[in-house]
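# Tertiary structure, described
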Amino acid sequence: MSLWVDKYRPNSLAKLDYHKEQATQLKNLVQCGDFPHLLVYGPSGAGKKTRIMCLLRELYGAGVEKLRIEHQTIVAPSKKKIEINTIASNYHLEVNPSDAGNQDRVVIQELIKTVAQSQQIQSSTQREFKVVLLTEVDRLTKDAQHALRRTMEKYMATCRLILCCNSTSKVIGPIRSRCLAIRVPLPSTEEVCSVLSTVCKKEGLLLPPELAKQICEKSGRNLRKALLMCEACRVQQYPFSADQDVPETDWEVYLRETANAIVSQQSPQRLLEVRARLYELLTHCIPPEIIMKGLVTELLNNCDGHLKTEVAHMAAYYEHRLQLGNKAIYHLEAFTAKFMAIYKKFMEDGLDAMMF
Amino acid sequence: MNKLSLGDKTASSGLNRWVDPSFTDLPVENFSVSGRKKPCPFSGFKPEPKRPRKRKGETTGSDSHSHFLLKDSVQDECDEPWVDKHAPRSQAELAVHKKKIEEVENWMRVHTNTSKGGILLLTGPSGSGKTATVQVLSQELGLRVQEWTNPTGLELYSCSHQEWAVNGYSSQSTQFQEFLLRANKYNCLQMSGDGRASDRKLILVEDFPNLFFRQPSSLHNILRHFVKTRRCPLVFIVSDSLSGDSSSRSLFPRDVQEELDITNISFNPVAPTTMIKVLTRISALEAAKSCGRMCVPDQALLESLGSGSSGDIRSAINSLQFSSHPDSSLEKGLWRMKKDRGGGTQTSQGKTLSRKTQKKKKSKQMKEQEEEQAIGGKDASLFLFRALGKILHCKRQSHEEAEGADGASGPGLPPHLSEHHRQALLVDPELVVERSHMSGEFFNLYLHQNYMDFFSEVEDVVRASEYLSDADLLTADWTSRSVMWDYGSSVATRGLLHSNSQQVTVGFRPLHKPNWLQVNKKHRENCQAAASLFRSFCLTPISLQTELLPYLAKLTNPMRNQAQIAFIQDVGQLSLRRFPGRLKLEALTDKDPGQLLLDSEEEQEKKKKEEEEEGQGASEDGLLPSQPQPTANQVLLEDDDLNIEEYDSD
Amino acid sequence: MQAFLKGATAQSTKPQKDKATAGPSTEKKAKAVPWVEKYRPKCVDEVAFQEEVVAVLKKSLEGADLPNLLFYGPPGTGKTSTILAAARELFGPELYRQRVLELNASDERGIQVVREKVKNFAQLTVAGTRPDGKPCPPFKIIILDEADSMTAPAQAALRRTMEKESRTTRFCLICNYISRIIEPLTSRCSKFRFKPLANQIQEERLLDICEKENLKYTKEGITALVRVSEGDLRKAITFLQSAARLNVDKEITEHAIIEIAGVRLGRIMMDMIDNLLNICFRGTFEKLEVAVKNVVDEGYAATQILSQLHEAIIEQDLSDKQKSAITEKMAVVDKCLTDGADEYLQMLSLCSVIMQQASQNN
């Protein structure tokens with residue numbers, strides 16, 4: 001038994017639930033028998049990967065669904081060995097180069113070269129090219145992205161790239177200009193709801209529309225999250241009730257409590273406690289930027305008006321530093337401290353105003 | 001253990017010591033493997049019935065570099081180093097704190113009277129009197145000291161390195177094991193035969209076979225074996241060094257100490273007052289003996305010698321001998337010059353100095369310390385604990401002093417900046433960081449872990465945290481990191497000092513090791529584990545970690561394997577308790593918790609003294625003395641560096 | 001000399017013309033070639049809009065010596081195409097392989113490579129004639145494409161090589177940002193800046209391609225294409241091909257182009273920006289949060305939204321001071337975004353500045 005997310009994932013372009021016009025365009029694209037490099041971008045949970053897999057299936061047939069996980073060792077020219085995991089079918093190869101950290105450039109250079117230079121294994125297939133699917137392209141170092149530029153042109157004949165990322169802001173211009181960009185926006189609330197109820201129907205469950213709406217809101221229109229939530233609801237309680245609590249992830253609850261702790265008291269001692277909680281989140285694999293973002297959202301809910309603007313600035317400032325710096329905790333803590341200070345000042349001013 | 005002294009010891013004392021074979025029942029085959037041509041294979045141990053001679057040999061060994069140094073200038077009657085000549089012969093002469101002596105004595109009494117021996121580990125900076133204490137005490141208690149010496153022959157060194165490496169090491173550790181076991185056994189044989197005077201003895205190990213530094217586990221195995229059959233006390237002496245190779249931690253990790261029931265007593269550097277006392281006594285004795293043929297050093301010289309050696313009595317005596325020799329006119333001139341510069345205040349006795357003037361001299365002393373190093377002085381390094389304390393406690397001039405000291409410090413800050421006005425600093429942050437022998441990055445981490453305790457206002461914390469954030473940003477770019485490190489640590493330390501505007505006197509605060517490295521490592525490991533365990537979901541790390549895993553924890557999904565289930569339980573769920581229990585604070589303790597206080601005694605206001613002393617008592621009771629150990633962490637970081645370098649190279 | 005030139009051009013341009021006129025029918029069978037490669041200029045004359053460089057290269061085609069070259073300029077202005085075309089003309093197809101070494105960022109270009117590969121190649125001496133007896137210049141060309149991504153040590157290692165081998169080798173460095181090339185290298189080369197292509201030239205090219213590919217198009221579509229590509233011909237051609245692929249047998253309209261380019265010029269995007277600005281001027285922070293979240297969720301790249309917002313702000317009825325405050329923040333946000341900061345937080349911060357400024361107005 002697999003997760004609903006995987007179980008009901010559409011596997012052909014025709015079966016996609018939303019952005020149908022785009023699906024048709026993609027179909028046209030593939031029917032020509034040839035397509036340019038693609039840059040698929042959109043927020044997490046919008047269905048980028050699903051779309052790409054549908055496209056590949058359209059291109060190569062059911063063979064692309066026979067996936068195998070391979071462990072590849074790449075030897076960099078500097079004799080350093082890099083281990084990287086790839087997911088591959090006979091026709092395509094999926095790799096997340098940012099797994100290699102600083103060495104991602106070598107992965108780009110060597111892996112794509114080897115793939116591109118090797119001929120298609122089965123000559124009977126109708127396509128002359130293989131597809132390399134690179135995920136999280138926005139996390140590639142600039143060096144690696146530069147390395148990608150020429151590689152893309154050079155091996156065009158034998159290899160197409162599909163780049164997948166959340167945002168094109170971090171993708172350098174030369175790469176953007178070499179790709180056909182495909183934007184995958186999040187599904188609308190209605191679309192999420194309809195997907196949820198379809199899935200529930202297939203499971204033989206009855207999903208009240210109110211609950212569907214609530215799940216959709218909580219998930220922030222992230223379809224993957226919505227489906228996971230829905231399934232968690234099912235575990236929690238069935239039959240569904242319209243006003244049932246949608247289970248949130250532990251870390252979100254934890255983060256909210258952390259935010260509450262910040263708001264309720266502002267002292268070095270409390271900051272120390274907050275630090276311990278931040279560490280706890282980090283050890284639970286929550287990336288620092290997500291922590292920062294979640295914290296900001298929660299804190300913004302807790303303050304008003306003029307203060308919000310200030311918090312928004314601070315958040316942007318420290319999140320930027322967090323991206324640049326080495327040790328996230330410095331910046332997370334600086335942000336928390338700063339928030340505490342301005343919040344404290346704000347409350348004290350408020351008190352003064354009340355007294356007079 | 002100090003590498004230098006180890007090498008010297010083996011070189012100078014090894015040869016003539018292992019000549020007389022004491023045990024004939026040893027299997028010779030064991031040693032023939034090593035292929036050495038020594039007449040006696042039992043080189044590792046020698047019963048040493050005559051203590052004074054032994055003591056002398058010992059010190060010559062460890063101070064041989066000063067010996068060489070002196071060789072040219074010191075002739076006829078001066079040929080014996082003062083260190084040996086004036087070696088302590090009684091407890092009273094020991095330049096060690098009474099409590100410490102007592103502690104060691106108690107241990108020795110307890111463990112020699114029962115037939116069950118124990119293991120004692122003495123740690124402390126070199127020249128703090130560890131060996132001397134053991135020697136003096138064992139003499140007084142009537143114990144025979146049996147010492148292990150590394151059997152490395154000089155000719156072995158010179159012949160083939162390979163052979164030496166292969167055979168020498170393995171046989172060394174076997175020899176060591178043999179030594180321990182035989183010494184044990186030998187003891188009981190003696191008991192039946194000889195008189196009572198020699199029946200009790202003590203095994204002393206100061207010199208560790210090299211192998212143990214690389215494979216501490218082999219030492220542990222030998223010790224485990226020893227503990228089972230122990231009959232007589234075993235004393236290990238390990239010198240602390242600041243430069244990173246912290247042998248006591250690697251040779252005797254905490255868990256092994258607990259497992260083998262090893263008592264650890266750590267020595268402090270010799271206190272300046274004690275040091276001066278000893279130096280004065282020696283110089284008085286020598287002056288009387290030489291009848292005016294040597295120049296008697298004055299009090300100021302003694303004082304600067306004392307501070308220059310930073311608590312190492314051995315080096316202090318050596319420099320005393322060196323500088324009071326009539327021939328060394330050059331040095332003499334140097335001392336004079338400095339003394340002149342020091343001015344009138346310097347010549348008066350340290351004890352009679354008012355605290356106020358002492359403080360004024362602080363900056364001057366900084367400079368002087370550097371000059372002292374040129375003449376036999378030790379590189380004054382700081383234990384991390386003290387270094388952190390210097391920054392965190394934020395010593396500044398008090399108001400009166402500032403007014404008294406400088407009327408001409410330039411115009412004050414304009415009114416709108418007046419909140420940034422601070423009194424002059426009493427520490428030099430860059431120097432502190434440099435002397436802590438740590439990279440600025442680590443120092444910052446330590447500061448970050450601990451600074452919060454020293455602040456009372458959120459506003460100050462904001463500023464401080466911002467400076468730390470700045471410091472991290474400065475060193476973010478790896479291409480310029482090597483250059484920026486210094487600036488980064490400077491920004492962090494000075495920023496912290498500046499933002500501590502309240503200057504609350506907090507008294508003693510325990511310091512902790514940074515959690516970040518541990519947290520970061522765990523974060524990385526967990527992320528990797530997540531990626532490898534749940535690869536079949538084909539998700540990007542972020543959605544895997546923030547969406548799939550937490551929900552998997554909430555779902556009942558039977559298809560997962562054992563490892564996945566365990567991982568999800570560990571990572572996917574967060575206990576919603578208020579205070580997370582997973583991270584234990586690891587207290588950063590010092591060799592000497594009192595050291596910080598000793599230091600602050602001089603610098604802080606008088607009224608605080610009592611407080612401090614209370615704190616000292618408390619801390620000695622409460623904290624297990626050990627040493628700051630940055631090295632384990634450093635390894636972690638070095639890995640990172642390595643990656644970066646290789647990245648750079650292609 | 002003149003004959004050589006004519007021969008060469010004729011030789012190299014002809015096959016290309018044949019192929020081009022054969023059009024899509026042959027292309028189906030042939031390997032799928034991106035139009036960017038297909039319509040790469042095959043001789044120097046075909047290079048559009050870069051007169052100075054063309055003049056210099058033509059001189060050298062006529063027999064004059066060629067200096068070391070440094071081409072720089074924004075992407076898609078024909079830097080690589082120019083030197084490739086020139087090299088092909090100089091050496092002809094047979095000699096091309098042995099006379100030209102092309103290294104780009106996808107190749108390993110550390111200091112070691114510069115020392116060995118480049119040196120070894122540079123040290124070979126060459127004759128002044130082709131195998132077929134025609135004269136050709138007695139030097140080789142090393143093309144270092146994307147030179148700005150070479151490390152500084154590797155660039156430094158190049159200096160001496162460049163001077164020492166000047167007898168037999170010419171270097172051509174190509175980069176986007178001349179500031180990333182170390183000074184000693186720039187001083188050894190004659191520099192040519194490649195301008196972004198003028199709209200008219202671009203339009204001509206695109207129409208030419210449309211004709212050769214038998215595409216249906218609207219005039220507005222082409223205009224939009226030109227506008228969207230911002231002087232980057234490669235981008236324009238890529239977009240054109242993509243549009244052709246996505247809309248088989250349909251006209252290439254303005255709408256299709258805009259959708260491909262992801263530039264928000266259409267109705268929906270304008271509405272979105274208007275909405276955002278409206279909220280900035282009149283709404284509350286809570287509404288702003290929701291609006292920003294929506295924009296990000298729609299998947300548009302923040303950098304694009306930023307440039308759209310910029311245009312909109314300039315046209316807004318605000319005082320100069322307000323505008324400058326906002327645009328200053330925009331610059332900061334742009335920098336942060338390229339550094340990889342979170343889009344939502346940056347946009348929120350920017351919008352709140354706009355809000356702040358706008359509220360000061362009233």
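Residues numbered from 1 in each chain as written. Chains lettered and ligands numbered in written order. Predicted model: local features only at pLDDT ≥ 70, side-chain atom pairs only at ≥ 80, totals over all residues. Heavy atoms only, no water.

To continue, consider unusual backbone geometry. Residues and elements named next belong to chain A. At E136, a residue that is not glycine, the phi angle is positive and equals roughly 50°. Inspection of the secondary structure puts E136 in the loop between β5 (130-135) and α5 (142-154). Judged by relative accessible area, E136 falls into the buried class, the value being 8%. In this model, C285 sits at a positive phi of 70°, which is unusual for a non-glycine residue. In this fold, C285 is placed in the loop between α11 (268-283) and α12 (288-301). (Helix = DSSP H or I, 4+ residues; strand = E, 2+ residues; numbered from the N terminus. Buried < 20%, exposed > 50% of the residue type's maximum accessible area, 1.4 Å probe, protein only.)

What follows deals with the packing of aromatic side chains. Taken as a whole and assessed by the stated rule, the structure comprises 6 aromatic pairs over all chains. Seen from their ring centres, Y60(A) and Y91(A) are 4.8 Å apart, and the 15° between their planes marks the pair as stacked. Linking Y60(A) in helix α3 (residues 48-60) with Y91(A) in the loop between β3 (81-88) and β4 (92-95), this pair joins segments that are 31 residues apart in sequence. This pair shows no difference in class: Y60(A) is buried, exactly as Y91(A) is. Each ring, one from Y451(B) and one from F455(B), has its centre 5.7 Å from the other, and the planes form 85°; the classification is edge-to-face. Classification of Y451(B) as buried rests on a relative accessible area of 0%. On the basis of relative accessible area, F455(B) is assigned to the buried category, the value being 7%. Ring pairs connect the aromatic residues F71(C), F192(C) and F194(C), which therefore count as one cluster. One Lys or Arg, R277(A), reaches over the ring of Y254(A) and ends 4.1 Å from the middle of that ring. One residue, R170(C), lies across the ring of F139(C), its end atom 4.8 Å from the ring centre. (Phe/Tyr/Trp six-rings, centres within 6.5 Å; stacked < 30°, edge-to-face > 60°. Lys NZ or Arg CZ within 6 Å of the ring centre and 35° of its normal.)

So, about the sheet that holds strand β2 (residues 100-103) of chain C. Residues and elements named next belong to chain C. An order of β2-β3-β4-β1-β5 is seen for the 5 strands of this open sheet, with the pairing classed as parallel. Edge positions in the sheet fall to β2 and β5 (190-193), since each has one partner strand and no second. Ignoring which end each strand starts from, the neighbouring axes of this sheet average 15° apart. Of the pairings in the sheet, the one linking strand β1 (residues 69-72) to strand β4 (residues 169-175) comprises 4 bridges and is parallel in character. Residue pairing for β4: F71 is matched across the bridge by I174. (Pairing = 2+ DSSP bridges. Axes fitted to C-alpha atoms, helices over the stretch in contact; angles between N-to-C directions.)

On the chain A side, the residues contacting the 58 residues of chain C number 55 residues. For the pairing of chain C and chain A, the buried interface totals around 5,200 Å² over both sides, and the portion due to carbon and sulfur atoms is 51%. Close ionic contact of D342(C) with K293(A) constitutes a salt bridge, the shortest N to O distance being 3.5 Å. Applying the counting criterion to the chain C and chain A interface returns 13 residue pairs in polar contact (both at pLDDT 80 or more). For the side of chain C that touches chain A, the element with the highest residue contribution is helix α17 (residues 343-361) of chain C, accounting for 9 residues. Within the side of chain C that touches chain A, the residues separate by chemical class into 18 nonpolar, 17 polar and 23 charged. (Contact = heavy atoms within 4.5 Å. Buried area = accessible area lost by both parts, 1.4 Å probe. Salt bridge = Lys/Arg side-chain N within 4 Å of Asp/Glu carboxyl O. Polar contact = N/O pair within 3.5 Å; in protein donor to acceptor, adjacent residues only side chain to side chain. Nonpolar A, V, L, I, M, F, W, Y, C, P; charged D, E, K, R; others polar.)

Here the focus is the state of the cysteines. Under the criterion given, the structure shown has 0 disulfides over all chains. No disulfide involves C527(B); its sulfur sits 3.9 Å from that of C285(A), the nearest cysteine. Under the relative-accessibility criterion, C527(B) is labelled buried at 17%. (Disulfide = S-S within 2.5 Å.)

Each partner contributes residues to the interface: chain B has 72 residues there, and chain A has 75 residues. Each partner contributes to the roughly 6,900 Å² buried at the junction of chain B and chain A, and carbon and sulfur atoms together form 61% of this total. Residues K327(A) and E441(B) are paired through a salt bridge, measuring 2.4 Å at the closest nitrogen-oxygen approach. At the junction of chain B with chain A, the criterion picks out 16 residue pairs in polar contact (both at pLDDT 80 or more). Elements that contribute at least two residues to the side of chain B that touches chain A include exactly α23 (440-450), α24 (458-474), α26 (516-533), α27 (541-554), α28 (562-572) and α31 (631-649) of chain B. In terms of residue class, the side of chain B that touches chain A is made up of 32 nonpolar, 22 polar and 18 charged.

On to the pattern of salt bridges, then. Following the criterion strictly, the structure yields 34 salt bridges over all chains and no others. Of the charged contacts, one joins E213(C) and K38(C) as a salt bridge, the two residues approaching to 2.6 Å between their closest N and O atoms. With E213(C) in the loop between α9 (199-212) and α10 (219-229) and K38(C) in helix α3 (residues 35-38), the pair connects residues that are 175 residues apart, well separated along the chain. For E213(C), a relative accessible area of 5% gives the class buried. Judged by relative accessible area, which is 10%, K38(C) ranks as buried. Linked through salt bridges whose partners overlap, the residues forming this network are R183(A), R221(A), K293(C), D297(C) and E298(C).

Attention now goes to the nonpolar core. Formed by 110 residues in total, the largest nonpolar core has its most connected members in F335(A), F339(A), F443(B), Y451(B), V292(C) and L309(C). For this core, the leading source of residues is helix α14 (residues 328-355) of chain A, giving 12 residues. Excluding residues within four positions of it along the chain, F339(A) makes contact with I262(A), V263(A), L299(A), C303(A), V311(A) and M314(A). Listed in part, the 42 residues of the second largest apolar core include M229(A), F240(A), F534(B) and L544(B). (Core = buried A, V, L, I, M, F, W, Y, C linked by side-chain atoms within 4.5 Å.)

Attention now moves to the packing of helix α13 (residues 306-324) of chain A against α24(B). The relative placement of two packed helices is expressed as an angle between their axes plus a distance between the axes. Put simply, α13(A) and α24(B) touch, their axes get as near as 9 Å, and they point 40° apart. Taken together, the axis directions place α13(A) and α24(B) in an arrangement best described as oblique. For the pair α13(A) and α24(B), the sense of crossing is left-handed. The residues of α24(B) that touch α13(A), namely those facing Y318(A), R321(A) and L324(A), are E466(B), S469(B), D470(B) and L473(B). Looking at the contact of α13(A) with α24(B), its residues break down into 3 nonpolar, 1 polar and 3 charged. (Parallel < 35°, antiparallel > 145°, perpendicular 65-115°, else oblique. Left-handed = near helix turned anticlockwise from the far one by under 90°.)

Taking 1.5 Å of rise per residue, 14 residues should cover 20 Å, and α27(B) covers 19 Å from first to last C-alpha, within 8% of that figure. Most pronounced at L548(B), the bend in α27(B) amounts to some 30°, and the proline P550(B) follows within four residues. Of all the 14 residues making up α27(B), 11 are buried; the element is thus mostly covered by neighbouring parts of the structure. Of all the positions in α27(B), only S543(B), L544(B), Q545(B), T546(B), E547(B), L548(B), L549(B), P550(B), Y551(B), L552(B) and A553(B) are classed as buried. Of the surrounding elements, those touching the buried residues of α27(B) are α9 (223-236), α10 (250-264) and α12 of chain A together with α26 and α28 of chain B. (Expected span 1.5 Å × (residues − 1). Bend = angle between axes of the 7 residues up to and from the residue.)

It is worth spelling out the side chain of S489(B) at this point. Here S489(B) shows up in helix α25 (residues 481-499). Dropping the residues within four chain positions of it, S489(B) is found in contact with V433(B), G440(B) and N444(B).

That is the geometry; function is a separate question.
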